[in-house]
Amino acid sequence: MKSLGRQVFNAVGDGFCLLNAVADILYFDFGVITSTTTLMDRIVQHMADNSDVYAEFYTGSRQEFLFDMITYFQTGNYCTDVVDLSLCILTL
């Protein structure tokens, strides 16, 4: 990693380690200061705006889909199917 000019940081293990890592990358690589709460809000808004795109990957209704995503962001319980979709969104 050092030869690439990179450092390794431990992400906070609070159920949102990926979001914490994304926030760190945005800061260290791009100088963008953001919070996991802001990332959560943006993901939920993106999912609401584009729910038709993600509907084929989720067996419940649009309302259940959004409810499950918001519940994940409130509880940090990452052992749900909807979390996999949030990972997909972060890679777009």
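Structure: above.
Quick caveat: nothing in here was measured; it's all calculated off a predicted structure.

Rules behind the numbers
- Residues numbered from 1 in each chain as written.
- Predicted model: local features only at pLDDT ≥ 70, side-chain atom pairs only at ≥ 80, totals over all residues.
- Heavy atoms only, no water.
- Core = buried A, V, L, I, M, F, W, Y, C linked by side-chain atoms within 4.5 Å.
- Buried < 20%, exposed > 50% of the residue type's maximum accessible area, 1.4 Å probe, protein only.
- Contact = heavy atoms within 4.5 Å.
- 1 Å grid on protein atoms, 1.4 Å probe; cavity = no way out; pocket = protein on both sides within 12 Å on 5 of 7 lines; lining within 4 Å.
- Points joined across faces, edges and corners; volume = space filled by probe spheres on them.
- Nonpolar A, V, L, I, M, F, W, Y, C, P; charged D, E, K, R; others polar.
- Axes fitted to C-alpha atoms, helices over the stretch in contact; angles between N-to-C directions.
- Helix = DSSP H or I, 4+ residues; strand = E, 2+ residues; numbered from the N terminus.
- Parallel < 35°, antiparallel > 145°, perpendicular 65-115°, else oblique.
- Expected span 1.5 Å × (residues − 1).
- Arc of directions from axis to C-beta.

Novice: What is the right way to read the nonpolar core from this model?
Specialist: Considering soluble globular proteins, one finds that nonpolar side chains tend to be buried as a cluster. Ranked by size, the top nonpolar core spans 18 residues in total, and within it Leu19, Met47, Phe65, Met69, Tyr72, Phe73 and Val82 carry the most contacts. The residues touching Tyr72, leaving out its near neighbours within four places in the chain, are Gly15, Phe16, Asn77, Tyr78, Val82 and Val83.

Novice: Explanation requested: the layout of surface pockets in the structure shown.
Specialist: It is a probe the size of a water molecule, rolled over the atoms, that shows where empty space is left. Computed from the structure, the largest pocket encloses a volume of approximately 300 Å³. Contributing to the lining of the largest pocket are Met1, Gly5, Arg6, Gln7, Phe9, Asn10, Ala11, Ala21, Asp24, Ile25, Phe28 and Asp29. Across the lining of the largest pocket, the residue classes break down as six nonpolar, three polar and three charged.

Novice: What exactly am I supposed to notice about the packing of helix H2 (residues 36-49) against helix H4 (residues 62-75) here?
Specialist: In the contact formed by H2 and H4, the axes pass within 10 Å of each other and the chain directions differ by 175 degrees. Taken together, the axis directions place H2 and H4 in an arrangement best described as roughly antiparallel. Mapping the contact onto sequence places Met40, Ile43, Val44, Met47 and Ala48 in H2 and Arg62, Phe65, Leu66, Met69, Ile70 and Phe73 in H4. Here the contact of H2 with H4 is composed, by residue class, of 10 nonpolar, no polar and one charged.

Novice: Please explain the side chain of Ser51 as it appears in this structure.
Specialist: By the element assignment, Ser51 lies in helix H3 (residues 51-55). Looking at Ser51, the relative accessible area reads 12%, which means it is buried.

Novice: Help me out: how do you make sense of H4 in this one?
Specialist: Since there are 3.6 residues in each turn of an α-helix, residues three or four apart along the chain are aligned in direction. Between its terminal C-alpha atoms H4 stretches 20 Å, which fits the 20 Å expected from 14 residues at 1.5 Å a residue. Of all the residues in H4, the buried ones are Phe65, Leu66, Met69, Tyr72 and Phe73. The buried residues of H4 occupy an angular sector of 120 degrees when the element is viewed end-on, so they sit on one face. Along H4, exposed side chains directed more than 90 degrees from the buried face belong to Gln63, Phe67, Gln74 and Thr75. One or two residues past the end of H4 sits Gly76, with phi positive at roughly 80 degrees.

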